[in-house]
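Chain by chain, the residues run as shown.
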There are 2 protein chains.
Amino acid sequence: MERTAEHTSTAVDDYLKSIFHLTRGSVRAGTRDIADALRISQASVTAMLKKLAAMEPPMVDYRKREGVVLTKHGEKRALSVIRHHRLLETFLYQTLGYSWDEVHDEACRLEHVISDRFEEGLVKLLGNPTHDPHGDPIPDHKLRLGRTATEALSALHPGDRVVVERVDDKDAELLRYLAGKSVLPGRRILVLSRSNFDGNLSLQVSGCRGKVVLGPEIAERIFVRLDR
Amino acid sequence: MERTAEHTSTAVDDYLKSIFHLTRGSVRAGTRDIADALRISQASVTAMLKKLAAMEPPMVDYRKREGVVLTKHGEKRALSVIRHHRLLETFLYQTLGYSWDEVHDEACRLEHVISDRFEEGLVKLLGNPTHDPHGDPIPDHKLRLGRTATEALSALHPGDRVVVERVDDKDAELLRYLAGKSVLPGRRILVLSRSNFDGNLSLQVSGCRGKVVLGPEIAERIFVRLDR
DNA sequence: ATTCCGACTTAGTTGAGACTAACTTTCAAC
DNA sequence: GTTGAAAGTTAGTCTCAACTAAGTCGGAAT
């Protein structure tokens, strides 16, 4: 009902979130990468990057043909949206009984709309959680992002014992597939072998009889820490 | 993140909701009334009414200079949004610990965005509630709106004993004021007297020592049923 | 019957945020 | 060094939903 203009729009939030994720590792995000992540045209991205850079205070440092990074302000805003997103995922999973693969899309819609009061309510209800259902760390109330030293499952060798920490949450079909194989955050895994031919990993998963075989593209999206 | 186009937009939802509320009682809603309710210009309303009438299926029956009513489809949609709104208010109040006057604005933002799955989760969590914290009936899953035979407190006479059923929820300041006087849904009230001079009502409220005096504009926004 | 006011409509504009089409820059391969 | 593709930018357009300004309509009071 209330036609209250938000300080930053849904679209702006989405751009900042994408840039945040894309600039983990690489220094600057390219127009192309952002366009692909948001499934919009490159031209639209160029236009928006100019706006983000022209805001007061500026949300990004944008240089033509060199890409963007977030400014301090842009990063704060991105982390705030990510905090909302991950708190919501945790809530949907724990309180509303959503399955693992359903939480992402709903959280994407709600994250732009909830107030500080709502966030506070969730924190209290959920007991100040530190990780969402996929194992991603939830930025704290000062928007400091916890790090969990992890590596991709695909980088392991036979004999390694690890615990699943986090799974890339973008792809609902993948999540459903992995849930079927019991590859969930918290599960322990023993790497049995790796094929020299196709790179497939053969795994023993705790609480699951028989072995699980995963292709390298999938193993790259599962993050683990060493067990013990 | 996902740029999924909703079937009806936030703006459309708000128009349908307004028209629904305005056409309780009066037959057709006028452009002026809708403009005031949504705090936008008359011209904007005229433009949107044309669009709503041109939709497939049409959401309203609009006749120039005669006003609008909802069609069956428009009413279904309005009731769906109202169901979302009132379920959310109940959730915010009961589960997240919001106060009486905080729930409306937050629900107004969330109501457009939650999925059927979310609605279902709320219903299960809250035990299929029939009324929101202000006493308004929540449309059921078939979108049938329960009626509670009530009359405005302002229509009562000295000696009447009533129970507060519902309070107009639009005005957060009013809600805070009434909460301070313990005029809440469920409270019993005895009407002590009414002033011939200014129409003020003098009341005895259950669980509250001393009497409460309310002006007629306020009493018009409090709905009650007879006690016993 | 005229007048006047308020409700309503029309016409034209704006700003967000998307799009396509066409041009430029960069860079790797030859 | 030229060339060709991929990445990036510019220019112009579209839709949505708001706006203002300038009319029109209709009913009540004179």
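Predicted model only: the values in this text are computed from it and were never measured. (Residues numbered from 1 in each chain as written. Chains lettered and ligands numbered in written order. Predicted model: local features only at pLDDT ≥ 70, side-chain atom pairs only at ≥ 80, totals over all residues. Heavy atoms only, no water.)

**Let's talk about the confidence of the model for chain A**
Worth spelling out the cut-off: The predictor attaches a confidence to each residue, and that confidence, scored 0 to 100, is pLDDT. Note on contacts: a residue pair qualifies if any of its non-hydrogen atoms lie within 4.5 Å across the two residues.
Chain-level pLDDT for chain A is 89 on average; 96% of the residues reach the 70-or-more range. Note that residues 1–6 of chain A has pLDDT below 50 and, in this model, 13 contacts with residues that lie over four places away or in other chains.

**Some details on the packing of aromatic side chains**
To keep it simple, the criterion reads: Aromatic rings from Phe, Tyr and Trp, taking only the six-membered ring of Trp, are treated as a pair when their centres fall within 6.5 Å; an angle between ring planes under 30 degrees marks them as stacked, one over 60 as edge-to-face, and anything in between as tilted. Segments assigned H or I by DSSP are reported as helices when at least four residues long, segments assigned E as strands when at least two residues long, and all are numbered from the N terminus. Type-normalised accessible area, obtained with a 1.4 Å probe on protein chains alone, sets the label of each residue: buried when under 20%, exposed when over 50%, and partly exposed for intermediate values. Ring-over charges, as used throughout, are those where CZ of Arg or NZ of Lys falls within 6 Å of the ring centre and within 35 degrees of the ring normal.
Taken as a whole and assessed by the stated rule, the structure comprises 3 aromatic pairs over all chains. Here A:Phe91 and B:Phe91 contribute two aromatic rings whose centre-to-centre distance is 5.6 Å and whose plane-to-plane angle is 45°, an arrangement assigned as tilted. Of the two residues, A:Phe91 is situated in helix 4 (residues 72–94) and B:Phe91 in helix 4 (residues 72–94); the pairing between them involves two chains. With a relative accessible area of 0%, B:Phe91 lands in the buried category. Geometrically, the ring pair formed by A:Phe91 and B:Phe118 is tilted, given 6.4 Å between the ring centres and 50° between the ring planes. Separated into two different chains, A:Phe91 in helix 4 and B:Phe118 in helix 6 (residues 116–126) make up a pair that spans both. Here the aromatic cluster, defined as three or more aromatic residues joined through ring pairs, consists of A:Phe91, A:Phe118, B:Phe91 and B:Phe118. Lying over the aromatic face of A:Phe223, A:Arg166 brings its terminal NZ or CZ to 4.1 Å of the ring centre. Over the ring of A:Tyr98 we find B:Arg117, and its NZ or CZ is 4.4 Å from the ring centre.

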